Amino acid sequence: LREASGNEGEGRRKGRRLGWERGRGDRYDERQERVRGRGYKYGFLTMIIYNALMGGMYLDSMPDWCDLFAVNIIGIAVSALIFAVYCIWNDAYMSFNESPRMVYLFILGIAAFNLFPGIMNLMHGTIVEEGKLTFRCSNIIMGFVFLISAAVFWLKNHIRAKGEE
């Protein structure tokens, strides 16, 4: 049936163009692997320190400024941002088979996907209830994480383009 349709290779070509070739995976050089490992380490250590501080500060009681989910999402966001910014700035965020434009658009898309419901929650007044930051802040927080990552990605590519002139 595939041979009769004449389109057997078209799906493969499209998949290769998008970086979806089976078994191919992401390709990073040794330097990128080291930098990504350091980025994971810095993000993980940030999470450990954040959790230790929050656990120590709120050992006997819950925070009075936010709920438990908000405390955790802030730690995750800070850790993810440290990893992303470190890897982007040290040219280890993208693999060899990824297009910078597509990665940039993907990051912006995720930011928009998170900011839209976050802004809606903000407009409906559900992010802060009874003076406490609620779990509904997670979308806007993660949206800003991806927006900052996109800004760093753009800045890094802009600096690189200026250096090549």
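Structural data are supplied above this passage.
All values derive from a computational prediction rather than experimental measurement. (Residues numbered from 1 in each chain as written. Predicted model: local features only at pLDDT ≥ 70, side-chain atom pairs only at ≥ 80, totals over all residues. Heavy atoms only, no water.)

> Would you mind going over a positive patch on the surface with me for this structure?
Together, Arg31, Arg34, Arg38 and Lys41 make up a region of like positive charge exposed at the surface. Within the fold, Arg38 resides in helix H3 (residues 30-57). On the basis of relative accessible area, Arg38 is assigned to the partly exposed category, the value being 31%. (Patch = residues over 30% accessible without salt bridge, like charges linked within 9 Å, V, L, I, M, F, W, Y side chains within 5 Å. Areas by Shrake-Rupley, 256 points an atom, 1.4 Å probe, with all protein chains shown as cover. Salt bridge = Lys/Arg side-chain N within 4 Å of Asp/Glu carboxyl O. Lys, Arg positive; Asp, Glu negative; His and termini not counted. Charge placed at Lys NZ, Arg CZ, Asp CG, Glu CD. Helix = DSSP H or I, 4+ residues; strand = E, 2+ residues; numbered from the N terminus. Buried < 20%, exposed > 50% of the residue type's maximum accessible area, 1.4 Å probe, protein only.)

> Just checking my understanding: could you explain the side chain of Thr126 for this structure?
Looking at the secondary structure, you find Thr126 in the loop between helix H5 (100-124) and strand S1 (128-129). Take Thr126: its relative accessible area is 18%, and that puts it in the buried class. Apart from the residues within four sequence positions on either side, Thr126 is in contact with Asn121, Thr134 and Arg136. (Contact = heavy atoms within 4.5 Å.)

> I'm lost on the packing of H3 against helix H4 (residues 68-89) in this one. Help?
Running from N to C, H3 and H4 point in directions that differ by 155 degrees, and their axes come no closer than 8 Å. In this view, H3 runs roughly antiparallel relative to H4, as classed from their interaxial angle. For the pair H3 and H4, the crossing hand works out as right-handed. Each of Val35, Arg36, Arg38, Gly39, Tyr40, Tyr42, Gly43, Thr46, Met47, Tyr50, Asn51 and Met54 in H3 lies in contact with H4, whose residues at this interface are Val71, Asn72, Ile74, Gly75, Ile76, Val78, Ser79, Ile82, Phe83, Tyr86 and Cys87. Residue composition of the contact of H3 with H4, grouped by class: 14 nonpolar, 7 polar and 2 charged. (Axes fitted to C-alpha atoms, helices over the stretch in contact; angles between N-to-C directions. Parallel < 35°, antiparallel > 145°, perpendicular 65-115°, else oblique. Left-handed = near helix turned anticlockwise from the far one by under 90°. Nonpolar A, V, L, I, M, F, W, Y, C, P; charged D, E, K, R; others polar.)

> I keep staring at the packing of H5 against helix H6 (residues 138-164) and nothing clicks. Help me out?
Any two packed helices are characterised by the angle at which their axes cross and by the distance between the axes. Look at H5 against H6: their axes get within 7 Å of each other, and the N-to-C directions meet at 150 degrees. By the angle between their directions, the pair H5 and H6 is classed as roughly antiparallel. Remark: the crossing between H5 and H6 carries left-handed chirality. Its residues assigned to classes, the contact of H5 with H6 comprises 19 nonpolar, 7 polar and no charged.

> Explain the nonpolar core here, please?
Among soluble globular proteins, nonpolar side chains are generally buried collectively. The biggest cluster of nonpolar side chains holds 17 residues, and the ones touching the most others in it are Ile73, Ile74, Leu133, Cys137 and Ile141. Listing elements by their share of this core, those giving two or more residues are H3, H4 and H6. Discounting residues that sit within four places of it in the chain, Ile141 has contacts with Ile73, Ile74 and Ala77. The next biggest cluster of nonpolar side chains, apart from the first, holds 7 residues, and it includes Ile88, Ala150, Val152 and Phe153. (Core = buried A, V, L, I, M, F, W, Y, C linked by side-chain atoms within 4.5 Å.)

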